[in-house]
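Report on the structure
Spelled out, the chains give:
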Amino acid sequence: MPILVLSAAFAAPPRPLDDSLLPAFPAGIEGMVHEVCALEMVTQEDGRQRVLDLSGCAEPFADAVRTRVTWWTWRYVATETPDLLDPTHALLTGTAGVPTGLYTRLSVVFDRSDTDAEPTIAFQPQSVVALRKRSKVTVPATLAPELGAGCDLLVHVGASGRPVRIQSQTCAESVRAAMELPLMGWTFEELHVEGHPPEYAVRVHLPAL
């Protein structure tokens, strides 16, 4: 029975709601194995996946992912990050900021380093957004009561990589207003999805003071 490992990079990857739909280690594969499938996808509003690309691994392993991924319904599980920016996903947006899906890139790693050990299947989230320039962001100590245990903002980024507005996800309005100018000073590398630079929103987590 393969062991599933949800590897944390900067944040936990989205988690399938039904674990029975996770990939299975291909039958008949002997010896030591290390296969990495690169998976690029968009989680649509109904929770289903639109696969944009699946590559980098031999066919039995690619097929193990392909036959399951379109049945996944995922819940994104955010965790504490070592930086304010969570680069592991982007909420694709269109006109007026209407969301069209959660864009992620994952490595699905099939591994059996010891022929006597059970094989493992790990999900490792990859960064999809990167900063080109960042201004210094300091959260004023006076906002500690409003921050509480920490909160999240969404930075809406235009196709050119420049922020266009800061939206509160779980922060008080006073926190959003105080952080607006510093975060608007950031610029991002263009994000290319299916050959086009979309507008998107990215999560910024403000930890407790």
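The structure this text deals with has already been given above.
What comes next concerns the included structure. The structure presented is a predicted model; accordingly, all values stated were derived computationally and were not measured. (Residues numbered from 1 in each chain as written. Predicted model: local features only at pLDDT ≥ 70, side-chain atom pairs only at ≥ 80, totals over all residues. Heavy atoms only, no water.)

1. Quick notes on unusual backbone geometry
One non-glycine residue with positive phi stands out, namely glutamate 194, at about 55°. Take glutamate 194: it is sitting in the loop between strand S12 (187-188) and strand S13 (199-207). (Helix = DSSP H or I, 4+ residues; strand = E, 2+ residues; numbered from the N terminus.)

2. Comments concerning the packing of aromatic side chains
Summed over the entire model, instances satisfying the criterion amount to 5 aromatic pairs. A centroid spacing of 6.4 Å and a plane angle of 85° characterise the contact between phenylalanine 188 and tyrosine 200, whose relative ring orientation is edge-to-face. One end of the pair, phenylalanine 188, is in strand S12; the other, tyrosine 200, is in strand S13, and 12 residues separate them in sequence. A relative accessible area of 0% places phenylalanine 188 in the buried class. Owing to a relative accessible area of 1%, tyrosine 200 belongs among the buried residues under this scheme. (Phe/Tyr/Trp six-rings, centres within 6.5 Å; stacked < 30°, edge-to-face > 60°. Buried < 20%, exposed > 50% of the residue type's maximum accessible area, 1.4 Å probe, protein only.)

3. Quick word on helix H3 (residues 173-184)
Here H3 contains 12 residues, and its C-alpha end-to-end distance of 16 Å stays within 8% of the 16 Å for a straight helix at 1.5 Å per residue. For H3, every residue scored as buried is listed here: Val175, Arg176, Met179, Pro182 and Leu183. The buried side chains of H3 occupy one side of the element, clustering within an arc of 130° when seen end-on. Looking at the packing, one finds that the buried side of H3 touches helix H2 (144-147), strand S10 (150-157), strand S11 (163-168) and S13. (Expected span 1.5 Å × (residues − 1). Arc of directions from axis to C-beta. Contact = heavy atoms within 4.5 Å.)

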